[in-house]
Amino acid sequence: MANHSELENNTPVIKRVATASAIGTAAEYYDFFAYGTAAVLFFGHLFFPSTDPLISTLAAFATYAVGFLARPLGGIVFGHIGDKVGRKKALVITILIVGLGTFCIGLLPTYEKIGIWAPILLILIRILQGFGVGGEQAGAVLMTAEYSQPKRRGFYASWVQIGAPVGFLLPLALFAALNATLSPEQMMDWGWRVPFLLSLLLVIVGLFIRLRIDESPVFAQIRETKAAESRPVIEVIRDFPAIVVKGVCAKLVEACTFAMFTVIVLAYAKANHLNETLLMETMIIAIILEIMIIPVMGHLSDKFGRKPIYITGAILQVIMIVPFFMAINQDTFWLTQLAMIMVLTFGHSMCYAPQASFFPELFPTHIRCSGIALIWQIGSLIGSGVLGLVAIKILQMTGGHYYGLAGYVIVLGVISVIGLMLMPESAPQKIGKELHSWGKSQS
């Protein structure tokens, strides 16, 4: 096993680990986001039939949110496994859980076939998906961060973040292609199943790649010296409660806005009779651009610090939320595209890229996986999961107007900015040291 000092000069190893983590993350988020897209377009009718289409969509979105409810539990369990047994083992288990669950959704009979058992089974699988994803991101970013040299940790760790937009882009592009080639009747009959069934191929690739990488050298070091904490989650809560709370606050705006601009906006378009295909096309372009921009923002976080980049992105999304909705209400391609690029390509990436290095740097090695998992999954639950539960209700209460949704983003954005301002800067290049030890080779 190579030690950390050797890896500092072994860029090919770091790139391989970062790529493996990103592909595995893409596989898991493909599964998670395929559900979100299908919930808006198909699941209300297929699994929650009602005489009121909005009620059906509300029920489908409730199951979308159920996945987020399971994520903190998954984060705790797999954070514990990551800190006690190993980062790699946790990542292998999570990709299997989420991948097999998604494949099973593609095989599920609808309400018309088996009645109430259809939504019950869908909810159970959704809980399983959330449980698996809850342990995914913490382990994936941590594996890459612990392999990376300190001065470029922000850049390499941000590669893992590419996995989430790729994981969203693939099912979105598949649904858009299927919508363009199949009739509405064919999509409702069998077309919606195709992205779920095809997910198995991505999971197999992700699993194969993850099995070929070694355990994090930093974790291997503390395991050899028996320095691993026996109760990592308890130690995080006991010794770092303020960091966890501030980290959750920081996570809110990013978790909320990605769900808003990629999933909730489709429900908004449906309620206001906007062109859903146009929205999906502009999303695809903005997300492709974000995939290219994320490593740039990771690099900038190495140079200028995690906090300045993160705070700028949070503020940008807050000030753009009303112009964003005003733009998409025009239902024209170029105006909608410009709005999507501002909020997704730039606003979201400036928050998302620094997270991969910022959150790991806030905790010492032996509890790092648990610490990240708590911040990531509690923040996602509040930012995205609650939004999934209340978004359709907000649209109902406001008669389809955007001001309720915009207000939600603004409130969470302000909370995130305050949380970020109260947190310490952690970029080694910026502060001239590490906040916590990353092993003997860096002490």
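The rules behind these values
Residues numbered from 1 in each chain as written. Predicted model: local features only at pLDDT ≥ 70, side-chain atom pairs only at ≥ 80, totals over all residues. Heavy atoms only, no water. Helix = DSSP H or I, 4+ residues; strand = E, 2+ residues; numbered from the N terminus. Rg over C-alpha atoms; globule rule 2.2 N^0.38 Å. Buried < 20%, exposed > 50% of the residue type's maximum accessible area, 1.4 Å probe, protein only. Core = buried A, V, L, I, M, F, W, Y, C linked by side-chain atoms within 4.5 Å. Contact = heavy atoms within 4.5 Å. Disulfide = S-S within 2.5 Å. pLDDT = per-residue confidence, 0-100. Phe/Tyr/Trp six-rings, centres within 6.5 Å; stacked < 30°, edge-to-face > 60°. Expected span 1.5 Å × (residues − 1). Bend = angle between axes of the 7 residues up to and from the residue.

> Looking at this structure, I do not really get the overall build of the protein. What am I missing?
Regarding its fold elements, the protein presents 20 helices and zero strands. Compactness check: the protein gives a C-alpha radius of gyration of 21 Å against a globular reference of 22 Å for 443 residues, within 12% of the reference. Seen through its principal axes, the protein has C-alpha atoms that stretch 65 × 45 × 40 Å. Relative to its full complement of 443 residues, the protein shows a buried share of 62%.

> Explain the nonpolar core to me, please; I cannot follow it from the model alone.
Nonpolar side chains tend toward joint burial in soluble globular proteins. Of all hydrophobic cores here, the largest spans 125 residues; its most connected members are Phe42, Phe43, Phe47, Trp192, Phe324, Phe325 and Leu405. Top element by residues in this core is helix α14 (residues 241-271). It accounts for 18 residues. Sequence-distant contacts of phenylalanine 43, defined by excluding residues within four places in its chain, comprise Tyr35, Ala38, Phe48, Ala60, Ile105, Leu122, Trp192 and Phe196.

> Where do I start with the state of the cysteines in this structure?
Covalently bonding the sulfur atom of one cysteine to the sulfur atom of another cysteine gives a disulfide. Considering all chains together, one arrives at zero disulfides under this definition. Here cysteine 249 is not disulfide-linked; the sulfur of cysteine 256 is the nearest cysteine sulfur, at 14 Å.

> What is the right way to look at unusual backbone geometry in this model?
Trans is the common state for peptide bonds, and a negative phi is the common state for residues other than glycine. A positive phi angle is found at histidine 273, which is not glycine, with a value near 55°. Along the chain, the position of histidine 273 falls in the loop between α14 and α15 (276-304). Judged by relative accessible area, histidine 273 falls into the exposed class, the value being 73%. One non-glycine residue, aspartate 331, lies in positive phi territory at about 60°. Of note, aspartate 331 is situated in the loop between α16 (306-328) and α17 (333-358).

> Would you mind showing me how to read the side chain of threonine 345 here?
Tracing the sequence through the fold places threonine 345 in helix α17. Setting aside its immediate chain neighbours within four residues, threonine 345 contacts Ala286, Leu289, Glu290, Ile293 and Met340.

> In this structure, what is going on with the confidence of the model for the protein? I would like to understand it.
Detailed conclusions should not be drawn from predicted coordinates in areas where pLDDT is low. Per-residue pLDDT for the protein has a mean of 84; in total, 91% of the residues score no lower than 70. For the protein, helix α1 (residues 4-7) is the element with the lowest average pLDDT, namely 46, and α16 is the one with the highest, namely 96. Note on residues 1-7: pLDDT is under 50 here. Beyond four places in sequence and across chains, it has 18 contacts.

> So what exactly am I meant to see when it comes to the packing of aromatic side chains here?
Two descriptors summarise a pair of aromatic rings, namely the distance from one centre to the other and the angle between the planes of the rings. Evaluation of the coordinates by the stated rule reveals 21 aromatic pairs. Ring geometry for tyrosine 268 against phenylalanine 325: centres 5.0 Å apart, planes inclined by 70°, an arrangement best described as edge-to-face. Of the two residues, tyrosine 268 sits in helix α14 while phenylalanine 325 sits in helix α16, which places them 57 residues apart along the sequence. Across the pair, phenylalanine 325 and tyrosine 268 agree in class, each one buried. Their ring planes at 75° and their centres at 5.3 Å tell us that phenylalanine 324 and phenylalanine 325 sit as a pair that is edge-to-face. Owing to a relative accessible area of 0%, phenylalanine 325 belongs among the buried residues under this scheme. By the ring-pair criterion, three or more aromatic residues cluster together here, those being Phe42, Phe43, Phe47, Phe175, Trp192 and Phe196.

> I'm lost on α16 in this one. Help?
Residue pairs spaced three or four apart in an α-helix point in one direction, given the helix's 3.6 residues per turn. When the terminal C-alpha atoms of α16 are compared, their 31 Å separation across 23 residues agrees well with the 33 Å that a helix rising 1.5 Å per residue should span. The largest bend along α16 reaches roughly 45° and is located at methionine 320, with the proline proline 323 sitting one to four residues downstream.

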